[in-house]
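Spelled out, the chains give:
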There are 2 protein chains.
Amino acid sequence: MCGIVAYIGNREAYPVVLKGLKRLEYRGYDSAGVAIINHGLHVYKKMGKVAGLEDFLTGKNMQSTIAIGHTRWATHGEPCDRNSHPHTSGDGKLAMIHNGIIENYAQLKQELIKKGHVFQSDTDTEVLIHFIEEIRNSNQCSVEEALRIALKRVVGAYVIVIVDEDNPDTLIAARKGSPLVIGVGKGEHFLASDASPIVEYTKEVVYVNDYEIAIVKADELILKNITNERQTPYIQKLDIELTAIEKGGYDHFMLKEIFEQPQTIFDSLRGRLDAKNGQLTLGGIRDEYADLLKNANRIIIVACGTSWHAGLIAEYMIEELCRTPVEVEYASEFRYRNPVVGKGDVIIAVSQSGETADTLVAIESAKQQGAIILGVCNVVGSSIARLSHAGAYTHAGPEIGVASTKAFTAQLVVLCLIGLKVAKEKGTITQQRFQHLLDELQDIPEKVATALKLNEAVKAVAAKYKDARDFLYLGRGYNFPVALEGALKLKEISYIHAEGYPAAEMKHGPIALVDENLPVVFVATRDSYYEKIVSNIQEIKARKGKVIAIVTEGDTTISELADDVIEVPAADELVAPVISTIPLQLLAYHIGVLKGYDVDKPRNLAKSVTVE
Amino acid sequence: MCGIVAYIGNREAYPVVLKGLKRLEYRGYDSAGVAIINHGLHVYKKMGKVAGLEDFLTGKNMQSTIAIGHTRWATHGEPCDRNSHPHTSGDGKLAMIHNGIIENYAQLKQELIKKGHVFQSDTDTEVLIHFIEEIRNSNQCSVEEALRIALKRVVGAYVIVIVDEDNPDTLIAARKGSPLVIGVGKGEHFLASDASPIVEYTKEVVYVNDYEIAIVKADELILKNITNERQTPYIQKLDIELTAIEKGGYDHFMLKEIFEQPQTIFDSLRGRLDAKNGQLTLGGIRDEYADLLKNANRIIIVACGTSWHAGLIAEYMIEELCRTPVEVEYASEFRYRNPVVGKGDVIIAVSQSGETADTLVAIESAKQQGAIILGVCNVVGSSIARLSHAGAYTHAGPEIGVASTKAFTAQLVVLCLIGLKVAKEKGTITQQRFQHLLDELQDIPEKVATALKLNEAVKAVAAKYKDARDFLYLGRGYNFPVALEGALKLKEISYIHAEGYPAAEMKHGPIALVDENLPVVFVATRDSYYEKIVSNIQEIKARKGKVIAIVTEGDTTISELADDVIEVPAADELVAPVISTIPLQLLAYHIGVLKGYDVDKPRNLAKSVTVE
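Rules behind the numbers
- Residues numbered from 1 in each chain as written.
- Chains lettered and ligands numbered in written order.
- Predicted model: local features only at pLDDT ≥ 70, side-chain atom pairs only at ≥ 80, totals over all residues.
- Heavy atoms only, no water.
- Least-squares fit on C-alpha atoms with pLDDT ≥ 70 in both.
- Contact = heavy atoms within 4.5 Å.
- UniProt positions renumbered as here; feature names shortened; annotations may be inferred.
- Helix = DSSP H or I, 4+ residues; strand = E, 2+ residues; numbered from the N terminus.
- Core = buried A, V, L, I, M, F, W, Y, C linked by side-chain atoms within 4.5 Å.
- Buried < 20%, exposed > 50% of the residue type's maximum accessible area, 1.4 Å probe, protein only.
- Expected span 1.5 Å × (residues − 1).
- Bend = angle between axes of the 7 residues up to and from the residue.
- Domains from an automatic or database assignment.
- Buried area = accessible area lost by both parts, 1.4 Å probe.
- Salt bridge = Lys/Arg side-chain N within 4 Å of Asp/Glu carboxyl O.
- Pairing = 2+ DSSP bridges.
- Axes fitted to C-alpha atoms, helices over the stretch in contact; angles between N-to-C directions.
- Nonpolar A, V, L, I, M, F, W, Y, C, P; charged D, E, K, R; others polar.

**Focus on the relation of the copies chain B and chain A**
Link 1 in the chain: Mapping chain B onto chain A leaves a residual RMSD of 0.1 Å; the transformation is a rotation of 180° accompanied by 0.0 Å of translation along its axis. Read as a symmetry element, the transformation amounts to a two-fold axis.
Link 2 in the chain: A share of 100% of the interface residues of chain B reappears at the interface of chain A, consistent with the copies meeting face to face through the same patch.

Here it is in structure tokens:
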């Protein structure tokens, strides 16, 4: 959370930074701010979205060839002008932007207050820049040296960028835990939380590693480690296109991304699935890692949010296909307790951004203990992808909408491919079933395209229920995590309290919520749990709940019971979640839009959670 | 769900059955009904609670020495007079009560309609009694014989009791899946879903087994299996007292049970924990089963609802203490998918009633596959307890309040004892830590008594937030499942949509719900997650959410941040959930009462879920 952008070079810096902030707004939009140097340091900041900052700065002299900018997701201190970034040192000469959390800020703040420092904000960030200033003054050293000393005392995660009024030709940056990409242009450099603010200017980028400090001038990029040794920057080529990060005629990124899914799922399968010849290839999981996965005693899937839901479905898939016990863990819980990870255990980390802080730190410590890590990420070159021993990218393209859609379905497809590959090598699947599932996978893009034709029908259902206070989402088996994901989408986008449950669990408490006002969404496609979920629908109807059912085309039993029915194409139960999730994405989208909310930037959220 | 009572003997039957129905009302209260024989069969039934039926029957001639009665939790067909039990045959001569679900009722109904049967209700039960009547008429056989034939075609779970106008000296009962106890008196028999309607008349009981048919006369009890072979009834002694199932001066059973916890936890520990001498004994888990548990590759905990939450805490305890991987499964999901259960895996089934249908069937099929089952149940002699290879009773006494309280804390204590026993034998715990945790366990009843003194303070908090639309409950580590349980209690009792999450997950979606109206309950006692949860509280406050925090006595940091603070006695983080859960029980209770709801009988719920 929090997006940072900085520029140094030969152009006007402010327009570059402003445009970059708009691209990064998915990371937070509680407030925005910039700092430039033009006959002295000038800092401008404003509560609210980037567009508000832009209005505020219209007509002001923003000329400068160096600038830093920040869009905030509040952690310490409420969103307001005062708590916005950049924050400045006591003498007003240093300005800093920060993404992350300084955990021991309260103690540092007490020490600094005793030394006479006065703070304008409630943030941890302001404490850090004052701390650096204090060290610089008392040690009579450079800002770079002061930063290095300061970081040794700091507990937490951060990307920071500092500008110094007295050194207007240099940006200083440092990273631990949060992501930082530097774009390398001709006589210019771009710093940002991800590549999206950079891609239209240059395709050459350097990913800064943890514990590295960057000293960035217009025509020079120096990387050092924390002990002041120079590192060679490793320049990589970006493979995203500008069009991929623009809306392309859709009202929202979310809708664009929902409709991209026939293509993105095809992309996830491309070069991997060859159903005609019964072949399946995963280039990122070969040789020793394929063997380790095949022989794993246990597979532990570590993830957060939507990716955790993909992990739950993968648990069912992999246990069924490979007969290997699978455990799915919330990354935030896994990392702090003392989980049992033994020899022969394999960890699969699932993350769209590849930067999710909890997931990243969870696998870092497991890796140190000798665990084998497979990464399933969407962003190429992201921290989790780089940290993993092996893995498979989901290839869904940049996902900008804060509520994840196409990344989720791509994760399901890739996790299914992994399960099939292992099952085949392990001999736990018949040739017939293997071929059948390859064929089913091949058909998914077309079936998803068919499901997308439900858009208008789903919109009508959305209009009918948009004013409901609460929703329940219920499913069994492979469709249980789909229910969780459907509920999460609605919660994120419409602020309606929606909750998912395994259908049978509702009788252990949640059914108390059911009355004639409560819509209950059943994910009830034809599968081996079908008869049981029909009983559950009966139980809800007996209490006058409104039933919206996602069913398989041609279902007549549930059609008679439910208030609203949405029919999706038939598919094997193992891959059905990819299809049954589509109408739930559309339902959340339309309810959010009908309620007048900004579905691409739901309140309080940020796209990738890079703080704990 | 659904309670059944029947009487045959020398007393007036109706008052016995009516009193029994009141005792069983925790199993369902959508409607109630009775049938008696007095110059012909008379059936009376009424939508609503048992008291409504009683009013309706006041002044009527209810003289009879045979009666059946039913209190319903609706599955098929809405709650209304017409769908209430008893249901009758087409000729009006047979009346039946039923607990369970006949899954293939729709098909049977079609067949019967073709043969000219006319149905008054939407229930599966009416189909079954007509089906029995049809077989009796077409085969010219006895009702008992017709029942036996019918049950061979029935798919589902049931306890049924039939009275026949033409045989007024006989009750016929059958059981599969749902519980049935028969009390044996002098010249009289009592049939019921559990022992509570029986205990004041006799302490001698017979638990009917699956696939058994009982032919019950005043002075004779005949048990047969489905192939018509006689079985010898095994008479057991009840060890519950009448006072244990009455309110004893409290407004509600729930409040009584909350306040019983210092005693019930003491009872759970009695004879097992000897902290002074560093000893721990579990009589129900000895010898080979203790060894199997010690050497388990993996422990799988299977449960539903509140018991599932106890299982989640046990996962953390057992992994920490014993270094054995633990997986916690929803019973309803575990039983239908094809989970990997290998040699050396041990299953722990957790259930208050010991009758939870999903849990019961889940372990039945696992047992058939060779798994070792340990039962952690509250009701002595219950189906799960009898099916298990070994286990430990929780000894919390009869729990009548539908929302589980004292059974949960007793489960935690017993699961902790199991973890400690295994850790000690396995050598994965130091003597010092072992002794420390024994001492901590010994202190729990007193600390729970201290926490109960918060009652008035919690009531004040309840009054402040009782009109909130939604609640979030957040915790980390051992306190994360406590948050889930706190949310479930509130949802059950107050119908407020409360949802629990691991605190770090809120940023992946649920935080979108946060605004100045949303109370967020943090379970934030001093433990190894403390600093992290303080950051999460900051994040909620930054979005103006209202924070109610459960903290350790003397906490000053969170007191400054939170809107309301409830201080509980300090305890080791491993046992802290037993204490931090107390104020959450009280909070749910008081909000429910302040909103004017019947907290002992929340709408739509039933105490033990004996249908799937």
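**With respect to the UniProt feature "domain: SIS" (unreviewed entry) in chain A**
All names here are of chain A.
Link 1 in the chain: On the UniProt side, "domain: SIS" (unreviewed entry) is annotated at positions that read residues 289–428 and 461–602 here.
Link 2 in the chain: A distance of 18 Å separates the end C-alpha atoms of residues 289–428, which is 49% helix and 19% strand.
Link 3 in the chain: Taken end to end, residues 461–602 is 41% helix and 20% strand, and its two terminal C-alpha atoms sit 21 Å from one another.

**Brief notes about the nonpolar core**
Link 1 in the chain: In this structure, L420, F471 and Y473 of chain A together with L420, F471 and Y473 of chain B are the most contacted members of the largest nonpolar core, which totals 193 residues.
Link 2 in the chain: With 63 residues, the next largest nonpolar core counts L21, V34, V50 and V181 of chain B among its residues.

**Topic: helix α14 (residues 431–452) of chain A**
All names here are of chain A.
Link 1 in the chain: Taking 1.5 Å per residue as the helical rise, α14 with its 22 residues ought to reach 32 Å, and the 32 Å between its terminal C-alpha atoms agrees with that figure.
Link 2 in the chain: Along α14, the helix axis deviates most sharply at I444, where the bend reaches about 45°; the proline P445 sits within four residues downstream.
Link 3 in the chain: All of the buried residues along α14 are F434, L437, L438, E440, L441, I444, P445, K447, V448, A451 and L452.

**A look at the domain arrangement of chain A**
Residues and elements named next belong to chain A.
Link 1 in the chain: By the assigned domains, chain A splits into domain 1 (3–240), domain 2 (248–429) and domain 3 (452–602).
Link 2 in the chain: Using C-alpha coordinates to define each centre, domain 1 is positioned 32 Å away from domain 2.
Link 3 in the chain: Domain 1 puts 10 residues into the contact, and the matching count from domain 2 is 10 residues.
Link 4 in the chain: Around 810 Å² of area is buried between domain 1 and domain 2 when both sides are counted, 51% of it from carbon and sulfur atoms.

**A closer look at the pattern of salt bridges**
Link 1 in the chain: Across all of its chains, the model carries 74 salt bridges over all chains by this definition.
Link 2 in the chain: Here R270 of chain B makes a salt bridge to D267 of chain B, at a shortest N to O gap of 2.8 Å.
Link 3 in the chain: For R270 of chain B, a relative accessible area of 54% gives the class exposed.
Link 4 in the chain: You can call D267 of chain B buried: its relative accessible area is 19%.
Link 5 in the chain: Linked through salt bridges whose partners overlap, the residues forming this network are E144, E145, R148 and K224 of chain A.

**Concerning the sheet that holds strand β24 (residues 497–502) of chain A**
Residue and element names in this part refer to chain A.
Link 1 in the chain: Spatial strand order, β24-β23-β25-β26-β27: five strands in an open sheet with parallel pairing. Both outer strands of the open sheet, β24 and β27 (564–568), are each paired with one neighbouring strand and no more. On average, adjacent strands in this sheet sit at an angle of 20° to one another, irrespective of strand direction.
Link 2 in the chain: Of the pairings in the sheet, the one linking strand β26 (residues 546–552) to β27 comprises five bridges and is parallel in character. Looking at the pairing, V551 lines up with E567 of β27.
Link 3 in the chain: Contacting β23 (470–475), β25 (519–523), β26 and β27, helix α15 (residues 455–465) crosses the sheet at an angle of about 155° to β27.

**Description of the interface of chain B and chain A**
Link 1 in the chain: Residue-level contacts link 79 residues of chain B with 79 residues of chain A.
Link 2 in the chain: Both sides together, the interface formed by chain B and chain A hides about 7,100 Å², and carbon and sulfur atoms give 49% of it.
Link 3 in the chain: The tally of links from chain B across to chain A stands at 10 salt bridges.
Link 4 in the chain: Between K532 of chain A and E103 of chain B there is a salt bridge, and its shortest N-O distance comes to 2.7 Å.
Link 5 in the chain: For the side of chain B that touches chain A, the secondary-structure elements that each account for two or more residues are β18 (298–303), α9 (305–322), β19 (326–330), α10 (331–336), β23 (470–475), α16 (479–494), β24 (497–502) and α17 (530–542) of chain B.
Link 6 in the chain: Residue contributions to the side of chain B that touches chain A peak at six residues, all from α17 of chain B.
Link 7 in the chain: For the side of chain B that touches chain A, the residue count by class is 34 nonpolar, 17 polar and 28 charged.

**A look at the sheet that holds strand β25 (residues 519–523) of chain B**
Residues and elements named next belong to chain B.
Link 1 in the chain: On the basis of which strands lie adjacent, the open sheet formed by five strands has the order β24-β23-β25-β26-β27 and parallel pairing. Whereas interior strands pair on both sides, the edge strands pair on one side only; in this sheet they are β24 and β27 (564–568). If you compare each strand with its neighbour and ignore which way they point, the axes differ by 20° on average.
Link 2 in the chain: Those strands touched by α16 are β23, β24 and β25, and its axis lies near 175° from that of β24.

**Thoughts on the environment of L242 of chain B**
Residues and elements named next belong to chain B.
Link 1 in the chain: One can find L242 in the loop between β15 (235–237) and α6 (253–259).
Link 2 in the chain: Expressed as a C-alpha distance, the spacing of L242 and L221, which sit 21 residues apart in the sequence, is 25 Å.
Link 3 in the chain: Beyond its immediate sequence surroundings of up to four residues, L242 is in contact with R23, V199 and E200.

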